[in-house]
Amino acid sequence: MVWFKAFIAGFLATLVFHQGLFMLFYLGGAVPMAPFNLTPVPPLGVPSVLSLAFFGGLWGMLLWLIVGRTTGAIHWFGHIVLGAIGPTAVAMLLVFPLKGLDVSAQTWIGGLILNGFWGLGVAVFMGLLGARAPRQEL
């Protein structure tokens, strides 16, 4: 059940935290593309934002695997740092080149900020969904 919660947390964090911050960047003129992109993506033709949220759910499961058992500041810091680094590195080193998109210092920095905020969102939603790290017996 915790894995389902981690997927849902990652999915929701994408829609609320990642795309919410992306909206602020867009409104501030920092990014040229609007958030919540509904353009269909192959091969299934689902809206781009839902595809992104699906992969956010998978990343949420990976985050829980790595830092889900931590507590306190390490729990929050781990979600933010790993949330920033993992998805951004994969996007910049694999996804962007495959799609023919430019990779620059600006895209790296923007990705780290957006995905770090997404990682925070995963931790928040995991807490709201009642997923807790197991307590250790003394």
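A quick note: this is a predicted structure, and the numbers were derived from the prediction, not measured.

About the thresholds
- Residues numbered from 1 in each chain as written.
- Predicted model: local features only at pLDDT ≥ 70, side-chain atom pairs only at ≥ 80, totals over all residues.
- Heavy atoms only, no water.
- Phe/Tyr/Trp six-rings, centres within 6.5 Å; stacked < 30°, edge-to-face > 60°.
- Helix = DSSP H or I, 4+ residues; strand = E, 2+ residues; numbered from the N terminus.
- Buried < 20%, exposed > 50% of the residue type's maximum accessible area, 1.4 Å probe, protein only.
- Core = buried A, V, L, I, M, F, W, Y, C linked by side-chain atoms within 4.5 Å.
- Contact = heavy atoms within 4.5 Å.
- Patch = residues over 30% accessible without salt bridge, like charges linked within 9 Å, V, L, I, M, F, W, Y side chains within 5 Å.
- Areas by Shrake-Rupley, 256 points an atom, 1.4 Å probe, with all protein chains shown as cover.
- Salt bridge = Lys/Arg side-chain N within 4 Å of Asp/Glu carboxyl O.

Caption draft 1: Representation of the packing of aromatic side chains. Going through the model one piece at a time under the given rule, you end up with five aromatic pairs. Judged by centre distance (5.7 Å) and plane angle (65 degrees), the ring pair of F7 and F54 falls under edge-to-face. Of this pair, F7 sits in helix α1 (residues 2–27) while F54 sits in helix α2 (residues 48–67); the two residues are 47 residues apart in sequence, bridging distant segments of the chain. With relative accessibility at 16%, the residue F7 sits in the buried group. Between the aromatic rings of F54 and F55, the centroid separation amounts to 5.4 Å while the plane-to-plane angle is 80 degrees, which identifies the pairing as edge-to-face. By the ring-pair criterion, three or more aromatic residues cluster together here, those being F7, F11, F54 and F55.

Caption draft 2: Main features of unusual backbone geometry. The omega angle of the peptide bond from P42 to P43 is 5 degrees, so this bond is cis rather than trans. Within the secondary structure layout, P43 lies in the loop between β1 (40–41) and β2 (46–47). Backbone geometry places F36, a non-glycine residue, at a positive phi of 55 degrees. Structurally, F36 can be placed in the loop between α1 and β1.

Caption draft 3: Spatial organisation of the nonpolar core. By size, the foremost hydrophobic cluster in this structure holds twelve residues: A6, A9, A13, F17, L63, W64, V67, W118, V122, F125, M126 and A131. For this core, the elements supplying multiple residues, two or more each, are α1, α2 and α4 (105–128). Each residue touching A131, except ones within four places of it in the same chain, is listed here: V2, K5, W64 and M126.

Caption draft 4: Here's a closer look at a nonpolar patch on the surface. A grouping of W3, L62, L65, I66 and L82 is seen on the molecular surface, where their side chains present a nonpolar patch of about 440 Å² in accessible area. Sorting elements by how many residues they give to the nonpolar patch places α2 first, with three residues. As for its position among the elements, W3 is in helix α1.

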